[in-house]
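Residues per chain, in single letters:
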Amino acid sequence: MKKLNMDAWRKMFYEKIEEVKPQDSWDLKMHQNLEYNDLGPGWKRSLQEHVCASFQCSWCQHFWSSVQVVILFHMYLDQRRRTGWVKMRVFRQECYECSEGKLEEPNFKEERVQRVLENLVISIREKCYGEYVAQLSEVTVIEQHYGPHRSDHCEACWLGIHQRPKHTMYHGRPKDTVYHGTSKDTMPPVQLPSHNLPQDTISCGFEFCCIFCTICILIFIYSIWAVGY
């Protein structure tokens, strides 16, 4: 799969923003040192946390995919000059198969880049122009997956930017098993309590009922005998 460079991202962004804001000029640039809370006056923030991408370790060549890739955008519109700027940072992931693994850049398919940029344009319209976008729900970027996110190998998680659900149930696991957190290596499965009583508990209950019934019968027989005398 051919890796899309920044020029390809910029070209697609220009096309999408020009469709809705042809009177304004916008630019998109990569800033790998962009800080989440480092917003200047008038700048707006947009965060996309569940983008699908693939990675390959430059050391051991291990390949993996993730639907938990995080992209941060800072946006600013100068309304007087009718010019806007977008700063972009893509957070990396570390290989978990080798001890020499370093943070690797994600590789996106073009269709997913298109979806990310569509969401970005929606954010620009809402946050920079104050518009209400009818299709407020974001264009879907996330895809179905069947495994935990390795937060200990995620740059965005290290920085506390990636917000993950505290309790996640994954398809394909036994229905009575819930994985707490997002890393199966660090968080063991917790078995939910079963509604079925243990066999020894059932046996004890049956014996108690038999003894109770026997006592009741004996009392009844004794009462009849006492009345007769």
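Keep in mind it's a predicted model, so treat the numbers as computed, not measured.

> Tell me about the sheet that holds strand S4 (residues 83-90), and name the residues and values.
Remark on secondary structure: sheet strands pair via backbone hydrogen bonds, oriented parallel or antiparallel. Taken in spatial order, the four strands make up an open sheet running S1-S4-S3-S2, and their pairing is mixed. The strands lining the two open edges of the sheet, one partner per strand, are strand S1 (25-30) and strand S2 (44-56). Averaged over neighbouring strand pairs, the angle between their axes works out to 25° when direction is ignored. In this sheet, S4 lies alongside strand S3 (residues 63-78) in antiparallel orientation, the contact comprising eight bridges. Directly across from phenylalanine 73, in S4, lies its bridge partner methionine 88. Packing against the sheet, helix H1 (residues 6-20) makes contact with S1, S3 and S4, and its axis sits at approximately 155° to S1. The strands touched by helix H2 (residues 110-127) within the sheet are S1, S2, S3 and S4, with S2 carrying the most contacts at an inclination of about 175°.

> Tell me about the pairing of S4, and name the residues and values.
Burial runs high along S4: six of the eight residues are buried. Alignment of S1 against S4, held across six bridges, turns out to be parallel. Bridged to serine 25 within S4 is threonine 83. Remark: four residues form the turn of the hairpin made by S3 and S4, two consecutive strands paired antiparallel; arginine 82 in that turn has positive phi of roughly 55°.

Calculation notes
- Residues numbered from 1 in each chain as written.
- Predicted model: local features only at pLDDT ≥ 70, side-chain atom pairs only at ≥ 80, totals over all residues.
- Heavy atoms only, no water.
- Pairing = 2+ DSSP bridges.
- Helix = DSSP H or I, 4+ residues; strand = E, 2+ residues; numbered from the N terminus.
- Axes fitted to C-alpha atoms, helices over the stretch in contact; angles between N-to-C directions.
- Contact = heavy atoms within 4.5 Å.
- Buried < 20%, exposed > 50% of the residue type's maximum accessible area, 1.4 Å probe, protein only.

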